Amino acid sequence: MTVSPVVRGGAAASRGRVATIIAVVVVLGLSVPPLVVLVVQGVAGMGAETVPPARLLMLLGNTLLLAALVVALSLPVGTATAWLTARTTFAGRRVWATAITIPLVLPAYVVAVALSGMFGGDGLLTDLLRPWGISRLPPAAGLWAATLCLTIVAVPIVHTLAAVALSRMDPALEETARLLGQSGSRLFFRVILPQLRGTLALAACVVALYVISDFGAVSMLRYETFTRAIYAQFRGRVEVGPAFALCLTLVLVSGVLIAGQVMLRGRHGAGAAHTRPAAVTPLRPLAAAIASTLLGVLVLFSTVLPVMTLTTWALRGWAAGARPGPVLEEAVNAFGLALLAGAVTTLLAFPIALAARRRSRFTRAMEGVPWITHSLPHLAVGLAILVLSIAGPAALYQSRTTLVLAYAALFLPLAIGPLSEALRGIDERLLDVSRSLGRSEMRTLVGVVLPLVRPAMLTGAALVFFATLHELPVTLLLRPTGSETLAVRLWGAMIEGQYTTASIAALLMVVISVPLLALHARSQVRASVAS
């Protein structure tokens with residue numbers, strides 16, 4: 001039994017129209033309102049001239065300087081680690097490749113807490129260096145501490161992007177270069193590095209956007225940037241003009257980076273992966289020892305020492321009689337919020353991804369709007385949603401519903417991405433067979449489409465879960481009264497000097513994140529093997 005092309009096209013068009021209508025409602029209801037509020041309130045704040053130009057220039061200089069330093073440090077380190085783990089062979093290479101990416105599951109403010117416990121007169125690093133004649137290290141504060149903290153978090157981002165690019169390169173170019181006498185460092189700088197320029201430029205945009213959007217780390221390390229100033233202007237004030245004026249300036253800076261990121265993503269995504277793997281270089285014993293040492297030092301300072309510091313800090317405080325308070329209850333609350341946000345966001349992302357399967361200009365634009373909201377500083381988006389909740393029904397102000405919808409507005413692209421890729425990979429003939437057996441569009445969707453995209457839905461939900469678990473500024477602004485999460489508890493404990501509570505909250509966040517990430521990665525490997 002065959003299906004008429006007219007019937008097939010009519011059914012697909014009907015399904016596409018329904019999905020598009022729902023997707024438009026979701027985008028207009030979630031992603032667009034915060035953008036409108038930011039523009040309107042920001043222009044009003046600028047018009048009132050409530051922010052002195054000199055302060056704007058100081059904040060802009062501080063923010064851009066921090067972003068430039070983090071980019072300058074993370075690009076070469078991340079590229080080097082990607083090259084060593086992807087293009088060379090030595091003992092423990094795969095273990096190092098995994099260990100380098102662990103900071104991806106640690107929010108920057110957790111690293112900031114660890115650095116606060118490593119440095120200073122009583123810091124763990126000071127204790128380790130005291131036998132070498134170093135009796136005191138400076139406290140972790142200011143530009144250098146913020147740079148170190150955000151570089152630790154940024155290196156895995158660069159590493160991941162560069163490693164993917166290295167795996168997609170055409171091995172024929174390198175083979176030709178070797179035949180022409182190129183080898184070693186000359187091969188890397190003349191052949192491989194030019195092919196990485198687009199990826200590294202994209203990584204620089206991503207890292208810079210991450211840095212200027214950070215709120216928790218720069219606040220805990222007492223470095224004055226836009227995000228810290230915005231929160232200080234808003235907290236406890238009736239007039240929100242200054243805060244939104246700073247928000248608009250930060251949004252404009254972010255907009256430049258977002259535009260560059262979109263352009264570079266388009267160029268970078270044009271290349272196709274090659275089925276033949278690129279050649280790897282076996283390292284000689286001395287070179288392998290040097291590589292392992294360098295990677296070991298990086299993992300030591302980015303993962304081992306921070307976790308040791310948090311553990312030592314917690315044990316010292318506990319032995320001294322300090323008690324952390326209800327952090328277990330807050331961990332359960334954070335876990336439940338993250339699960340709910342992951343489920344809701346994935347459900348809202350499904351019609352958008354389904355509509356985006358029809359690659360028209362309208363659906364591309366509709367799919368792109370949530371990325372704009374996601375890429376903006378979360379503190380600015382949180383302030384805009386707070387204004388919307390105040391203007392709306394009283395039941396929405398500081399409610400769990402508003403908080404979950406705010407998470408969905410911020411993290412919608414994390415669920416859309418995997419779903420869009422999975423939906424585009426479905427063979428339309430499978431759907432035609434289902435319809436030819438008398439199944440309705442809804443039964444085809446539930447019985448055929450959903451099982452095929454279930455791994456992608458789980459991936460998107462997992463990404464939203466981790467982002468929600470780590471989210472600080474939006475949770476700080478919109479959480480219901482009396483409803484605390486690990487991120488908020490950690491923030492409050494650091495502000496009040498309760499270091500035992502802060503370290504235990506940070507360790508709980510690590511304990512929740514790392515095993516779940518490993519379980520998710522294992523399930524993804526099984527799914528790829530099964531397919």
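Asks: Is there a simple way to think about the packing of aromatic side chains in this case?
Replies: Two numbers describe a pair of aromatic rings. These are the distance of the centres and the angle of the planes. Tallied over the entire structure, the rule returns 7 aromatic pairs. Relative to tyrosine 231, the ring of phenylalanine 215 has its centre 5.1 Å away and its plane inclined at 55 degrees; by these criteria the two rings are tilted. Of this pair, phenylalanine 215 sits in the loop between helix H9 (184-213) and helix H10 (216-220) while tyrosine 231 sits in helix H11 (residues 226-234), placing them 16 residues apart in sequence. The exposure class of tyrosine 231 is buried, given its relative accessible area of 14%. Members of the aromatic cluster, joined through ring pairs, are Phe215, Tyr231 and Trp491.

Asks: Would you take a moment to explain the pattern of salt bridges for this structure?
Replies: Side chains bearing opposite charge may pair, as long as their charged atoms lie close to each other. Counted by the stated rule, this structure contains 4 salt bridges. Close ionic contact of arginine 489 with glutamate 330 constitutes a salt bridge, the shortest N to O distance being 2.7 Å. You can see arginine 489 sitting in helix H21 (residues 486-496) and its partner glutamate 330 sitting in helix H14 (residues 327-356), a full 159 residues away along the chain. Among the residues examined, arginine 489 registers a relative accessible area of 23% and is labelled partly exposed. Among the charged side chains, a network of salt bridges with common partners joins Arg55, Glu224 and Arg228.

Asks: Quick question: what am I supposed to make of the packing of H14 against helix H15 (residues 361-375) here?
Replies: Packed helices, taken two at a time, are described by the angle between their axes plus the distance between the axes. Contact geometry for H14 and H15: axes closest at 9 Å, N-to-C directions at 150 degrees. One element, H14, and the other, H15, form an angle in the roughly antiparallel class. Viewed along their axes, H14 and H15 form a crossing whose handedness is left-handed. Counted together, Ile352, Ala355 and Ala356 of H14 and Thr363, Met366 and Glu367 of H15 form the full contact between these two elements. Split into classes, the residues belonging to the contact of H14 with H15 amount to 4 nonpolar, 1 polar and 1 charged.

About the cut-offs
Residues numbered from 1 in each chain as written. Predicted model: local features only at pLDDT ≥ 70, side-chain atom pairs only at ≥ 80, totals over all residues. Heavy atoms only, no water. Phe/Tyr/Trp six-rings, centres within 6.5 Å; stacked < 30°, edge-to-face > 60°. Helix = DSSP H or I, 4+ residues; strand = E, 2+ residues; numbered from the N terminus. Buried < 20%, exposed > 50% of the residue type's maximum accessible area, 1.4 Å probe, protein only. Salt bridge = Lys/Arg side-chain N within 4 Å of Asp/Glu carboxyl O. Axes fitted to C-alpha atoms, helices over the stretch in contact; angles between N-to-C directions. Parallel < 35°, antiparallel > 145°, perpendicular 65-115°, else oblique. Left-handed = near helix turned anticlockwise from the far one by under 90°. Contact = heavy atoms within 4.5 Å. Nonpolar A, V, L, I, M, F, W, Y, C, P; charged D, E, K, R; others polar.

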